[in-house]
Amino acid sequence: SFGWSHGKEIMNGKPDTLKGSYYANPIVDVPQVSEELKQQFPEYYGPNIWPAVDEKGVEEFEAAFKDLGLFIFQVGCQLAKACQSFASQHLSDRSTTLESLISTSQTTKARLLHYFPPEKPASADVSDDSWCGTHLDNSMLTGLCSALYLKKDNPNDPAVEVSAPSLDAGLYIHTRGGEIKKVSIPKDALAFQTGEALELCTAGRLRATPHLVKAGSWTPAAALVSRETFALFMQPDTSQVLSANDTFGTFSKRIFSKHYDNASM
């Protein structure tokens, strides 16, 4: 859950090898919590892992990652404040605000995502969520940048920005009415998704958003194009009580068990 990860997450019942991720907390490099919590929740309270400052090709990686993460975090805190009227009675009775759950937390996690160029399917029976299986985020809010598509004609060539490899490639959400709709985020905008923790904090008034990523129709040209994006997961500390039955920590353990096998945890 820190640094580079590939093939450890379970999607559609099998290891997800279609994307790679770089994880870090852009707000806190080394969480200031007890050793007991670090041992109990290493997925949240570990130290960040950064490339060397002189690593060729990613010399500004850490600074850019933190700058973008902090910007999305600040907007997300404002959005959480706007959601306060939906907070559950359970939180209101404790004078706890949705904004404070995020702003004071040390579990913030950003995920820089690289979707590998799609391989030619072995058959015509390919799932719609082939690039990323349908799922819910376990965060309160997830901040998203627009996707960037990059093409390499040859492995050693520099990447060139291109348009999406097909009209149906990209992010999709399931609406409450049961429809699947494509989400197009403008380049100069951020999008925010509601996660399961926010659903708990609002007693279901705000619902977590099921979503998926389609690779789109395969063509030889599409096989040269990767998808890049950046997601920031904003959520409470593990000890925070979200409902009558759950802290964020106990809730998270259940969710992680669905997406990771014991060996990778």
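Residues numbered from 1 in each chain as written. Predicted model: local features only at pLDDT ≥ 70, side-chain atom pairs only at ≥ 80, totals over all residues. Heavy atoms only, no water.

Chemist: Which parts of the structure should I look at to understand the side chain of N138?
Modeler: Structurally, N138 can be placed in the loop between strand 6 (132-135) and strand 7 (141-144). Contacts of N138, omitting those with residues within four sequence positions, involve Y44, E196, A197, F248, F251, S252, I255 and F256. (Helix = DSSP H or I, 4+ residues; strand = E, 2+ residues; numbered from the N terminus. Contact = heavy atoms within 4.5 Å.)

Chemist: For this particular structure, what's the right way to read the sheet that holds strand 10 (residues 170-174)?
Modeler: Two modes of strand pairing occur in sheets, parallel and antiparallel, and in both the strands are linked by backbone hydrogen bonds. Here four strands make up an open sheet; going across it, the order is 6-13-10-11 and the pairing antiparallel. Among the strands making up the open sheet, the edge pair consists of strand 6 and strand 11 (180-183). Averaged over all neighbouring strand pairs, the angle between strand axes comes to 30°, with direction disregarded. Bridge analysis of strand 10 against strand 11 gives four bridges, and the strand direction is antiparallel. Considered in strand 11, the bridge of Y172 is made with K182. (Pairing = 2+ DSSP bridges. Axes fitted to C-alpha atoms, helices over the stretch in contact; angles between N-to-C directions.)

Chemist: In this structure, what is going on with unusual backbone geometry? I would like to understand it.
Modeler: Peptide bonds are mostly trans, and most non-glycine residues show a negative phi. Even without being glycine, A203 reaches a positive phi, approximately 55°. Secondary-structure assignment places A203 in the loop between helix 6 (196-201) and strand 13 (211-214). Assessed through its relative accessible area of 57%, A203 is described here as exposed. (Buried < 20%, exposed > 50% of the residue type's maximum accessible area, 1.4 Å probe, protein only.)

Chemist: Hey, could you run me through the pairing of strand 13 in this one?
Modeler: Regular strands show a simple pattern: their side chains alternate between the two faces of the sheet. Along strand 13, one buried face is formed by H211 and V213 and the opposite face, lined by L212 and K214, is buried too. When strand 6 meets strand 13, the two strands line up antiparallel, connected through two bridges. Among the inter-strand pairings, C132 is bridged to a residue of strand 13, identified as V213. In this sheet, strand 13 lies alongside strand 10 in antiparallel orientation, the contact comprising four bridges. Across the sheet, G170 pairs through a bridge with K214, a residue of strand 13.

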